[in-house]
Amino acid sequence: MDKLVIRGGKRISGTIAASGSKNSALPVIAATLLAPDGIFTINRIPDLQDVRTFSQLLEHLGAEISFSENILRVSTSNLRNDEAPYELVKKMRASIYVLGPLLARFGHARVSLPGGCAFGPRPVDLHIMAMEKLGAEITIEKGYIDAKVKGDRLQGTTIDFPISSVGATGNALMAAVTAEGTTVLNNAAAEPEIECLCQFLQAMGANISGIGTMTLVVEGVDRLNAVSFENIFDRIEAGTLLASAAITRGEITVTGVRPSHLDSVLKAFQAAGCIVTSGSDYVSLTAPEKLLATDITANPYPSFPTDMQAQWMALMTQADGTSNIIDKIYHERFNHIPELNRLGAHIDIRENQAVVHGPKALTGTKVMSTDLRASACLVLAGLVACETTEVLRVYHLDRGYERIERKLSALGADIERDRYQEFS
Ligand code: EPZ
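The structure displayed is predicted, hence computed values, not measured ones. (Residues numbered from 1 in each chain as written. Predicted model: local features only at pLDDT ≥ 70, side-chain atom pairs only at ≥ 80, totals over all residues. Heavy atoms only, no water.)

Novice: Honestly, the side chain of Arg333 in this entry has me stumped. Any pointers?
Specialist: By the element assignment, Arg333 lies in the loop between strand 19 (321-327) and helix 11 (336-342). A distance of 2.7 Å separates the side chain of Arg333 from the side chain of Asp307, its partner in a polar contact. Not counting residues up to four positions away in its chain, the partners in contact with Arg333 are Phe119, Thr306, Asp307, Gln309, Asp327 and Arg373. (Helix = DSSP H or I, 4+ residues; strand = E, 2+ residues; numbered from the N terminus. Polar contact = N/O pair within 3.5 Å; in protein donor to acceptor, adjacent residues only side chain to side chain. Contact = heavy atoms within 4.5 Å.)

Novice: Can you help me understand the sheet that holds strand 5 (residues 71-75) in this one?
Specialist: Strand pairing in a sheet relies on backbone hydrogen bonds. The paired strands run either parallel or antiparallel. The sheet built from four strands is open, its strands ordered 4-5-3-14 with mixed pairing. The sheet is open, and its two edges are formed by strand 4 (64-68) and strand 14 (228-230), each paired on a single side. Across the sheet, the axes of successive neighbouring strands diverge by a mean angle of 15 degrees, strand direction being ignored. Looking at chain direction, strand 3 (residues 40-43) and strand 14 are connected through three bridges and run parallel. Note on strand 14: the bridge partner recorded for Thr41 is Ser228. (Pairing = 2+ DSSP bridges. Axes fitted to C-alpha atoms, helices over the stretch in contact; angles between N-to-C directions.)

Novice: It is not clear to me how the pairing of strand 21 (residues 353-358) should be interpreted in this structure. Could you clarify?
Specialist: The side chains of a regular strand alternate, residue by residue, between the two faces of the sheet. Within strand 21, five of the six residues are buried, which leaves the element mostly enclosed by the surrounding structure. The pairing of strand 19 with strand 21 spans six bridges and is antiparallel. Bridged to Ser323 within strand 21 is Val356. In terms of strand pairing, strand 20 (residues 347-350) meets strand 21 through four bridges, oriented antiparallel. Counted as the bridge partner of Ile349 is Ala354 from strand 21. (Buried < 20%, exposed > 50% of the residue type's maximum accessible area, 1.4 Å probe, protein only.)

Novice: Would you mind showing me how to read the pattern of salt bridges here?
Specialist: Close approach of charged atoms allows side chains of opposite charge to pair. Under the defined criterion, the tally for this structure stands at 26 salt bridges. Between Asp348 and Arg350 there is a salt bridge whose closest N-O contact spans 3.7 Å. Here Asp348 falls in the partly exposed class, since its relative accessible area comes to 25%. With a shortest N-O distance of 3.0 Å, Glu422 and Arg393 are connected by a salt bridge. A residue pair is termed long-range when its members are at least 10 positions apart, and Glu422 in the segment after strand 24 (414-419) and Arg393 in the loop between strand 23 (388-392) and helix 13 (395-398) qualify at 29 residues. Salt bridges sharing partners connect three or more residues here, namely Asp2, Asp398, Arg403, Glu405, Arg417 and Arg419. (Salt bridge = Lys/Arg side-chain N within 4 Å of Asp/Glu carboxyl O.)

Novice: Would you explain helix 7 (residues 192-203) in this entry?
Specialist: The periodicity of an α-helix, 3.6 residues per turn, causes residues three or four places apart in sequence to face the same way. Under the 1.5 Å per step criterion, the end-to-end length of helix 7 is 16 Å for 12 residues, consistent within 8% with the ideal 16 Å. When we look at burial in helix 7, the residues that qualify are Pro192, Glu193, Ile194, Cys196, Leu197, Cys198, Phe200 and Leu201. Looking at the residues trailing helix 7, positive phi occurs at Gly205, about 115 degrees. (Expected span 1.5 Å × (residues − 1).)

Novice: Just checking my understanding: could you explain the site of the ligand for this structure?
Specialist: Within the structure, the ligand sits among 24 residues, and Arg93, Asp125, Ser165, Asp307 and Ile329 are positioned closest to it. Between the ligand and Val166 there is a distance of 2.7 Å, counted from an oxygen atom to a backbone nitrogen or oxygen. Between Arg333 and the ligand, the recorded distance is 3.3 Å, taken from a side-chain N or O atom to an oxygen atom. The fraction of the free accessible surface of the ligand (830 Å²) that becomes covered by protein chains is 88%. At the level of elements, helix 1 (22-31), helix 5 (125-133), helix 6 (166-176) and helix 12 (372-384) are the ones that each hand at least two residues to the shell around the ligand. (Near = heavy atom within 4 Å. Areas by Shrake-Rupley, 256 points an atom, 1.4 Å probe, with all protein chains shown as cover.)

And the structure:
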C-alpha cells in the first residue's frame, strides 16, 4: 500500500497547472452512453482512480475506451449490457450516473445501490424520484435499482428537487435530453461540473436552457451524436493547491482554473488575510505572516464547497483565533478531526459544528486517510507540521488528485510516495 512521507516546514512557492475536473469528467463519461454511434474525444480528463473505475464500468457495459495523455476516446456503439454491478458501484458512488443514460438508451437499467461512504449514508432517493417522474417504473430488490420505462420513451415533466443534488441533477439531465417533450428541473444543482455536463450534452445535440442556473429547461431531441470536447479544470484541486501556499506562508499561482468557480473559497482566503489576485484563467495567492481565524459554512454552489471543508479546517489550525466550520451538505464529514488532533491541533465538535482553536503548532506522526478530501487535509497539515508526517492509505487521495506529491514537490515541498505493509 502507498503512503506519502512529508517533512514539513518548507514554503510552497511557484506556478502550477490544475488538472481536469474529476467531478465533471465522471458525468461526462456517463453521458457518452447516450450516443448510439461515433467516437468521442474528450480532452483534459484527469488520470485518476475514479476515472479508471468509471472506464471499467463502461467497458463492462460494452463501451470501447482508450485513455492516454489525459485524452479519453470512447465509443458506445456496441453496448451489450445494461447492468452496473455491485462490485464496481461499491468502489465508486458516482457509478449511479449510468442510471439515467442507460434508461434513456435502452428503456431499462439495473444499477446496484451505492451504499454509504466514510462520511455517512449517501442516499439516491432523489435520483429514483427523478427517474420515476420521467416515466420509469423502479423496483429495489437485493440491493439493486431495477428501472424500466413504462411506454416506449421517457416523458418530459417538471422535477422539483427538495434539496440541491449534483448527482441527481446530472442523472435527470441525462435521462431528459432524449425524453419526449419538455422537462423542467427546479432547484437544480448549479455547480460548475453540472454546467460542464450541460455544455457537453448541448455539444452532442441536446437542447438545454438555463445552463449555470438552478432552473434547467430541456427540450427532448431524438438523437445525440459523439463529439470532441474539452473538460473543465478541477476547482477543488486548485483550491487545495492554493491552501498549500496559505498554510506554509508561501505564494502560488494556479493556472487553468476559472476564478468564478472558486469565488466563495477565494473570499474565505482573503478573509483569512491572504492576498488573492486572478485573471481569466489563473488565481494567485500570497499568504500573510499571520492567518486570521475565518468561519465557513459548506453549502451548495455558489457557497463554500463541502469538498474544500476538510482542507479549510487544516488551514484554520494555523490561524490566529477560533474558527467555526459547519458542513450543511454532509453533517458528519469530520473524520479528519481525530487525525488532525493527533498532529497537535485542537478541534472540538459541538452539534455538527467543528470549533478550531488556533494557532497550534503541529508535530508530524503517522496519520490515516479515511476519505478523499480528508487525505488532502492531512497532506496540508503535514506540509506545516514539524518533523515527519506519514499519510497512510493514500489510495483515497489517488481517487481525486493526479499525483499531488509531484505537484507539491515541484512547488518546494519535501514530500515523497513510499510503500508500506499494514498489519493484517
Ligand atoms: C457530488 O456528490 C460530488 N461527487 C461530491 O464530491 C460532492 O461532495 C457532492 O456532489 C456535493 O457537492 C461527484 O460529483 C462525483 P449530492 P453527490 O447529490 O452528487 C443528499 C468529492 O470529494 N442526497 O450533491 O453524491 C446527500 O446525502 C466528492 O469529490 C439525498 O438526500 O452529492 C447530500 O447531503 C465527495 N438524496 C446532499 O444531498 C439523493 O438522492 C448533496 O449530495 C442524493 C443526494
